[in-house]
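Next come the chains, spelled out residue by residue.
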Amino acid sequence: SSQGKIENIKCLNVELGECTRNPGYEDADGDGPAARDNISVSDSEGKRDSIGVKRLSDARNEYTQIKPYAGMPKEVLVLYSSKARYRVPREILFWLTVCCTLALVAVTIAVIALSPKCLSWWQASPVYQIYPRSFKDSDGDGVGDLKGIREKLDHFEYLNIKSIWISPFYRSPMKDFGYDVEDFRDIDPLFGTMKDFEDLLGAMHSKGLKLIMDFIPNHTSDLHRWFNLSRTRHPHYEDYYVWTDCKPDGPKPNNWVSIFGNSSWTYDEVRGQCYLHQFLKEQPDLNFRNPDVIKEMIDIIHFWLEKGVDGFRMDAVKHMLEAPHMRDEPQVDPNKPPVSLVTTEWDLHSDYTTSQVGLHDILREFRAQMDIYSQEPGRYRFMVIESYDYEEVYKTMMYYGTRQEKEGDFPFNFYLLDLPQNTSGVWAKHLVHLWMGNMPKGKWPNWVVGNHDRTRISSSAGQLYVRAINMLLLTLPGTATTYYGEEIGMENINVTASQIQDPAGKYNTSASRDPQRSPLQWNADMNAGFNEKTNLTWLPLHPDYETVNVEAQMKDDGSVLAQYRFLNTLRQSELPLNRGWFCYVHADANVFSYIRELDGLKRAFLIVVNFGKESAVTDLSSVRELPDKLKVLISTNMANDGKVFLKSRIQTEVGEGLVIQYSTNTRFNPNHPKECYISEKACYLETMGILYKC
């Protein structure tokens, strides 16, 4: 048995000597079993053991042992690790770690699955329309340009606006101020160069701004290369436009009438046929029944998307296809003599020249191409449709697409442009409900109160209502579109016959769109700061520019600009306003009021706007979801900010709007489902401060 012990000790020493750097396990006083073992092995093993002793001796010199059990052998560790008091805590910690990891993974999956989709950039910010001729002139020629826009990008940061739509700046003979495109891949020298555009786009992106371009698919300029090749019957381009036989002095092919008046047909002497133009004769319509034309337009979309453009406004899309049979359109008044008196689009039912079968297929293909570029993270490409369908709202709603196939992110909603026709609370609700009541479920609404084709809202409705209309625009659900100058309440200018620049105005002075296109009023200096180099402006300035300008209103907390900025910031920072429920509460001859709320969030907003012609006291005591006392967060009349009203007596002056913030545990929408709408439904978990699907 002595020999067996020696063999075991030898094996242990060999293992410690050859496999560890600290073989000198011993008691603190150096008289432990390890020391004795080394001596025993040395005695019995001769020369080989002396080597082991030498190794142990060297190890002692390298390591001075301070604590007992340091360098504990494997056998000892195994012995103690198997004991319950060591094993059980270790197993508990292991399984606790596994459970925590699984719980964390489960919570992460649940949060992702239950989280509502984040609002995209075109939903989170208003869209600001720039008419480039009138925004800022950088070179002193009296016409705004791309460099001028770049100089004023801080204006959008000040307003907290992220989405900028710029009207056409393609190369163009300017018969319709850029909507007659000569080259879709070039910049008109009037506005700058391609480098100027690329510099502008880069500067916008560096500031977190998005650029939306006008895309004009329906027609080109008659100077476009395609048209010149088509009129000479080039084999590839012969059918790029809509041609039909006619005689130079004979009757027109049919009774179709242009948007600008008179026949939609013009005889071309080079080709010996008539071509279709639903706008000016210098704007021939493309033939979208030719697949090559569709391919050409898709290539142009790719060209600009590859440059980094963030979206397109699709112009005049309802005119893109015409009925191939080319029959006369029915007259609105069948008894009117067709030849002498049928001269405007309003004289005809446009059954064969608008919204034809196949139109939506083309638009869905455009959308599909844009979706390819939208796959890049954070670079969604936006598409908005422009189509005036007037009372045929169902046609407009079709541009949203279907559940299976998407078209536009939204079609422009022009119904609030009619607000000045009848300034009353009931009328305002009617116009809002035209959209909300017909919009497909889950789609995103939008609102427009002005553009380059329509009279400025401050002139059509009156300055008295400007602040209230801006409040309406920025507190309704969805995306607001602001035409340049509306943020300061700019009005139309007076343009004499000799000053008319608009082609439509040259055909008919009463149809001129120049009055709403005057230069933006930046300050009270020369040319209102629009042109700081020469005394030139392409249109006259409004005489009120010395008081109505951006610089002056930035210094005035009660200005139209200051209130616009506050409301826009409020909208983007408050969940009920940017993605919550919208509920009608009250409408009468004067007042229109509605609630914005979010399920799970106590904070909500009541908006009360007086569009009538007299002061009003609104009684909302029947609305039990409202608290008895209501405090005004902001009024268009600054003197009423912070004022407290009883809900039975909410007072408003003519043209006054109130945003009232209140707190309640009772939601309005569950009890009034027919009065409420929501697009991106979500609930708020107040204990954790998160949104979730509900």
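This structure is a prediction, so every number in the text was calculated from the model and none was measured.

Rules used throughout
Residues numbered from 1 in each chain as written. Predicted model: local features only at pLDDT ≥ 70, side-chain atom pairs only at ≥ 80, totals over all residues. Heavy atoms only, no water. Phe/Tyr/Trp six-rings, centres within 6.5 Å; stacked < 30°, edge-to-face > 60°. Lys NZ or Arg CZ within 6 Å of the ring centre and 35° of its normal. 1 Å grid on protein atoms, 1.4 Å probe; cavity = no way out; pocket = protein on both sides within 12 Å on 5 of 7 lines; lining within 4 Å. Points joined across faces, edges and corners; volume = space filled by probe spheres on them. Helix = DSSP H or I, 4+ residues; strand = E, 2+ residues; numbered from the N terminus. Nonpolar A, V, L, I, M, F, W, Y, C, P; charged D, E, K, R; others polar. Pairing = 2+ DSSP bridges. Buried < 20%, exposed > 50% of the residue type's maximum accessible area, 1.4 Å probe, protein only. Contact = heavy atoms within 4.5 Å. Polar contact = N/O pair within 3.5 Å; in protein donor to acceptor, adjacent residues only side chain to side chain. Disulfide = S-S within 2.5 Å. Axes fitted to C-alpha atoms, helices over the stretch in contact; angles between N-to-C directions. Patch = residues over 30% accessible without salt bridge, like charges linked within 9 Å, V, L, I, M, F, W, Y side chains within 5 Å. Areas by Shrake-Rupley, 256 points an atom, 1.4 Å probe, with all protein chains shown as cover. Salt bridge = Lys/Arg side-chain N within 4 Å of Asp/Glu carboxyl O. Core = buried A, V, L, I, M, F, W, Y, C linked by side-chain atoms within 4.5 Å. UniProt positions renumbered as here; feature names shortened; annotations may be inferred.

Draft legend 1. Representation of the packing of aromatic side chains in the model. Applying the stated rule across the entire model yields 44 aromatic pairs. Taking 5.9 Å as the distance between ring centres and 25° as the angle between the ring planes, the aromatic pair formed by Tyr-388 and Tyr-390 counts as stacked. Directly above the aromatic system of Trp-522 lies the positively charged group of Lys-152, at a separation of 4.5 Å from the ring centroid. Stacked on the ring of Tyr-584, the Lys or Arg Lys-429 has its end atom at 4.8 Å from the ring centre.

Draft legend 2. Quick look at empty space enclosed by the protein. Overall, the coordinates contain two cavities of 30 Å³ or more when judged by the stated rule. Those elements giving two or more residues to the lining of the largest cavity turn out to be helix H16 (457–460) and helix H17 (466–475). For the lining of the largest cavity, the per-class residue count stands at three nonpolar, three polar and two charged. Taken as a whole, the second largest cavity holds about 40 Å³ of empty space. Lining the second largest cavity, in full, are Arg-467, Asn-470, Val-560, Gln-563, Tyr-564, Leu-567 and Thr-636. Of all elements in the fold, only H17 and helix H20 (560–573) reach the threshold of two or more residues within the lining of the second largest cavity.

Draft legend 3. Looking closely at the sheet that holds strand E7 (residues 265–268). One open sheet accounts for three strands, arranged E6-E8-E7; its pairing is antiparallel. Looking at strand neighbours, the two that pair on one side only are strand E6 (243–244) and E7, the edges of this open sheet. Of the pairings in the sheet, the one linking E7 to strand E8 (residues 273–276) comprises four bridges and is antiparallel in character. The partner of Trp-265 across the bridge, within E8, is Leu-276.

Draft legend 4. Seen up close, unusual backbone geometry. One non-glycine residue, Ser-355, adopts positive backbone phi at about 50°. Mapping Ser-355 onto the fold places it in the loop between helix H12 (338–341) and helix H13 (359–374). Note on Ser-355: relative accessible area 27%, which makes it partly exposed. Positive phi is not limited to glycine here, since Ala-528 has a value of about 55°. Here Ala-528 shows up in the loop between helix H18 (503–507) and helix H19 (550–554). By relative accessible area, Ala-528 is classed as buried at 0%.

Draft legend 5. Structural view of the environment of Asn-523. Topologically, Asn-523 is positioned in the loop between H18 and H19. Overall, Asn-523 belongs to the buried group, its relative accessible area being 7%. Spatially, the C-alpha atoms of Asn-523 and Val-548 are 8.1 Å apart, while their sequence positions differ by 25 residues. Among residues more than four places away in sequence, those in contact with Asn-523 are Ala-528, Gly-529, Glu-532, Tyr-545, Asn-549 and Glu-551. Only 3.2 Å separates the side chain of Asn-523 from the backbone nitrogen of Gly-529, close enough to count as a polar contact.

Draft legend 6. Seen up close, the state of the cysteines. In total, this model carries three disulfides according to the counting rule given. Here Cys-583 pairs with Cys-676 through a disulfide, and the sulfurs are 2.1 Å apart. Across the disulfide from Cys-583 to Cys-676, rotation about the S-S bond amounts to roughly 120°, and the bridge is consequently right-handed. Highlighted residues: Cys-583 in strand E14 (residues 581–587) and Cys-676 in strand E22 (residues 676–677), separated in sequence by 93 residues. Across a sulfur-sulfur distance of 1.9 Å, Cys-683 and Cys-694 are joined as a disulfide pair. Between Cys-683 and Cys-694, the S-S torsion sits near 85°, and that sign places the bridge as right-handed. Of this pair, Cys-683 sits in strand E23 (residues 683–685) while Cys-694 sits in the segment after strand E24 (690–692), and the two are eleven residues apart along the sequence. The class of Cys-683 is buried, set by a relative accessible area of 8%. Taking the relative accessible area as the measure of exposure, Cys-694 reaches 44% and is therefore partly exposed. Counting its disulfide-bonded cysteines in sequence order, the chain shows a connectivity of 1-2, 3-4, 5-6. Left unpaired, Cys-100 is separated from the closest cysteine sulfur, that of Cys-99, by 7.0 Å. Relative accessible area serves as the criterion here: at 47%, Cys-100 is assigned to the partly exposed category.

Draft legend 7. Fine view of the sheet that holds strand E21 (residues 657–663). Within the open sheet, the seven strands sit side by side as E19-E18-E21-E16-E15-E14-E22. Their pairing is antiparallel. The two strands at the open ends of the sheet, each matched to only one other strand, are strand E19 (644–646) and E22. Across the sheet, helix H15 (residues 425–436) touches E14, strand E15 (591–597) and E22, and the angle it forms with E14 is around 150°. Running at roughly 120° to strand E18 (residues 629–635), H20 makes contact with E18 and E21 of the sheet.

Draft legend 8. Local environment of a nonpolar patch on the surface. A grouping of Leu-79, Tyr-80 and Tyr-86 is seen on the molecular surface, where their side chains present a nonpolar patch of about 290 Å² in accessible area. Structurally, the position occupied by Leu-79 is in helix H4 (residues 74–81).

Draft legend 9. Examining the layout of surface pockets more closely. By volume, the largest pocket amounts to about 1000 Å³. In this structure, the largest pocket is lined by 35 residues; those nearest its centre are Ile-259, Phe-260, Glu-345, Asp-453 and Arg-513. A breakdown of the residues in the lining of the largest pocket according to their chemical character gives eleven nonpolar, 14 polar and ten charged. Approximately 410 Å³ is the volume found for the second largest pocket. Forming the boundary of the second largest pocket are 22 residues, of which Glu-345, Leu-348, His-349, Ser-350 and Glu-392 lie nearest the centre.

Draft legend 10. A look at the nonpolar core. Among the nonpolar cores identified, the biggest contains 132 residues, and Phe-197 and Phe-366 are the most heavily contacted of them. Looking at this core element by element, the count peaks at eight residues for helix H11 (residues 291–307). With near-sequence residues (within four places) excluded, Phe-366 lies in contact with Phe-215, Pro-217, Phe-288, Met-297, Ile-298, Ile-301, Met-314, Met-320 and Met-383. Within the second largest apolar cluster, 22 residues are counted, among which are Trp-581, Cys-583, Leu-620 and Leu-630.

Draft legend 11. Just the UniProt feature "transmembrane region" (unreviewed entry) in the chain, in detail. The UniProt record annotates "transmembrane region" (unreviewed entry) at residues 92–114. Within residues 92–114, the helical portion is 100% and the strand portion 0%, while the C-alpha atoms at the span's ends are 32 Å from each other.

Draft legend 12. Quick peek at the pairing of E8. Side chains Gln-273 and Tyr-275 project from E8 onto one buried face, and the interleaved Cys-274 and Leu-276 project onto a second face that is buried too. Pairing of E6 with E8 involves two bridges; the strand directions are antiparallel. Bridged to Thr-244 within E8 is Cys-274.

Draft legend 13. Representation of the side chain of Asp-409 in the model. With respect to the helices, strands and loops of the structure, Asp-409 is situated in the loop between helix H14 (393–397) and strand E11 (410–411). Judged by its relative accessible area of 5%, Asp-409 falls in the buried class. Only 3.1 Å separates the side chain of Asp-409 from the side chain of Arg-367, close enough to count as a polar contact. What Asp-409 contacts, discounting residues up to four positions off in sequence, is Trp-122, Arg-367, Tyr-380, Arg-381, Phe-382, Met-383 and Tyr-400.

Draft legend 14. Structural context of the pairing of E14. Among the seven residues in E14, five count as buried, and that is most of the element. Direction of pairing for E14 relative to E15: antiparallel, over a ladder of six bridges. Within the sheet, the bridge partner assigned to Phe-582 lies in E15 and is Arg-596. The hairpin formed by E14 and E15 contains three residues between the paired strands. One ladder, built from two bridges, connects E14 with E22; its direction is antiparallel. Among the inter-strand pairings, Cys-583 is bridged to a residue of E22, identified as Cys-676.

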